Each structure stands twice: as structure tokens, then as C-alpha cells.
Amino acid sequence: KKYDHDWDGGKVTKEATCSEAGVKTYTCSVCGETKTEAIPKKTATTQEPPKKGDVVKDDKTSVKVEVTDVKKKEVEYKEPDGKKAKTVSIPATVKINGVTYKVTKIADNAFKNNKTVTKVTVGSNIKTIGKNAFYKCTKLKTVKIGKNVTGVGANAFKGCSSLTSVTLGSKATKIGANAFSGCKKLKTIKITSTKLSSK
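The paragraphs below set out a description of the structure included in this document. Position numbers for residues count from 1 along each chain, tracking the sequence in the order it is written. Side-chain atom pairs in this predicted model are given and counted only at pLDDT of 80 or more, local residue features only at pLDDT of at least 70, and totals for whole chains, interfaces and linings cover all residues. Side-chain metrics rest on all non-hydrogen atoms present in the structure, leaving aside hydrogens and water.

On to the packing of aromatic side chains, then. Any pair of Phe, Tyr and Trp rings, taking the six-membered ring for Trp, is counted once the centres come within 6.5 Å. Such a pair is stacked with planes under 30 degrees apart, edge-to-face with planes over 60 apart, and tilted for the rest. Using the criterion set out here, one finds four aromatic pairs in the structure. Each ring, one from Tyr77 and one from Phe111, has its centre 5.8 Å from the other, and the planes form 10°; the classification is stacked. Taken together, the residues span a long stretch of sequence, with Tyr77 in strand β6 (residues 74-79) and Phe111 in the loop between β9 (99-106) and β10 (119-122) at a distance of 34 residues. Across the pair, Phe111 and Tyr77 agree in class, each one buried. Ring centres 5.0 Å apart and planes at 5° place the aromatic pair Phe134 and Phe157 in the stacked group. Residue Phe134 is located in the loop between β11 (128-129) and β12 (142-144), and its partner Phe157 is located in the loop between β13 (151-152) and β14 (165-168); the two are separated by 23 residues in the primary sequence. With respect to burial, Phe134 and Phe157 carry one shared label: buried. The rings of Tyr77, Phe111, Phe134, Phe157 and Phe180 are connected pair by pair, giving a single aromatic cluster. Strands are runs of DSSP state E lasting at least two residues, helices are runs of H or I lasting at least four, and both sets are numbered from the N terminus onward. Note on exposure labels: buried denotes an accessible area under 20% of the residue type's maximum, exposed denotes more than 50%, and partly exposed covers the range between, all computed with a 1.4 Å probe on protein chains only.

In C-alpha cells form, the structure reads like this:
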């Protein structure tokens with residue numbers, strides 16, 4: 001009596017890519033014979049646009065951002081590309097699946113306890129620097145803050161013991177509690193804003 005083959009669920013033995021078809025191999029549990037099937041080439045699918053709250057990476061660099069406003073195409077900067085970078089430029093924009101998003105905030109805790117970064121340049125679309133954003137970045141010496149920053153969160157630069165100079169743009173209206181607490185070397189804070197009150 002001839003048995004029917006009893007094929008298993010199949011195993012991908014070669015992944016399909018955009019340029020090549022893949023292979024799926026099925027094995028018969030009765031006689032051990034195998035058969036293969038082609039997996040069609042991957043088509044460059046148009047990816048779903050990210051939703052609010054999604055944490056995604058920039059297309060070119062591995063900068064992590066979180067989508068904060070889908071309509072306005074705005075994101076907040078979560079963490080740098082690689083933990084060992086000494087000089088970090090926070091971009092004005094990032095590209096996600098080929099679409100440009102504005103980076104409008106440095107997320108809370110973005111660089112917290114980062115012991116390698118020495119210089120940070122904040123992009124021109126950043127409006128807010130989050131709480132604890134650079135808390136205890138003990139090697140951080142220089143911070144150039146983009147002209148559109150309106151607020152610096154509580155403890156944002158607290159414990160940045162190497163920080164020597166900070167420039168704040170003309171739109172700054174709020175500096176949170178202890179933002180520069182424990183910055184022993186901070187001799188100059190240039191504030192070009194006329195909107196900051198002594199409070």
C-alpha cells in the first residue's frame with residue numbers, strides 16, 4: 001500500500017529578499033522525503049506610517065525618536081545613535097520611511113547619566129528640552145541650544161559638572177527647577193531672551 005506523504009508545516013531554508021526569491025522546504029514525516037517551494041521576492045512595501053507614541057529610528061542614522069504628532073509630523077529625540085558618541089548634534093529633522101519629521105523636543109531622560117558626550121548642539125526645531133535630559137552628563141562641556149527652544153525642563157543639566165558654557169536662544173521663556181544645579185564650572189549662561197522673568 002502506498003502511503004500518502006505527510007508534509008510538515010515547512011521551514012524557511014532561504015529568506016526572500018527584495019532581489020531574490022526564497023525557499024521553503026517541506027519534509028514528509030512518513031518517509032523523510034523533502035520538497036521545496038519558492039517564496040516570492042519581497043516587494044518594497046510601503047510601510048505603515050508610525051503612530052503617536054511609536055519609537056522609531058531615523059532612516060540613515062540610528063537616532064531613536066518618538067512620534068508626538070502625526071499630523072504635524074513631529075517627533076521627540078529619545079537617544080543618540082550609539083552610546084559612545086562624544087559630540088552629538090540633535091537634528092532639526094529626521095526621516096522615517098522617507099518622510100521628514102521635525103524634531104521638536106529632547107525627551108525626558110534622553111542623555112541621563114551619559115558619561116561620554118562632551119558637546120551637544122541642539123537643532124533649530126527643538127522647542128523643549130525635557131526633564132533630566134542631560135542629568136549627570138559629567139563630561140558635557142558645551143551646549144549650543146537652538147534658537148527656537150522655549151523651555152528647559154527641571155534638572156535638565158543638573159550635575160553636569162564639566163559644563164562651562166550654555167547659550168540660550170531668544171525664545172526661552174521657562175527654565176525648570178534645578179536646571180543647572182551642580183554645574184560647578186558653569187561660568188557663563190548667555191541668554192538672548194527678553195522673555196525670561198526672574199521667576
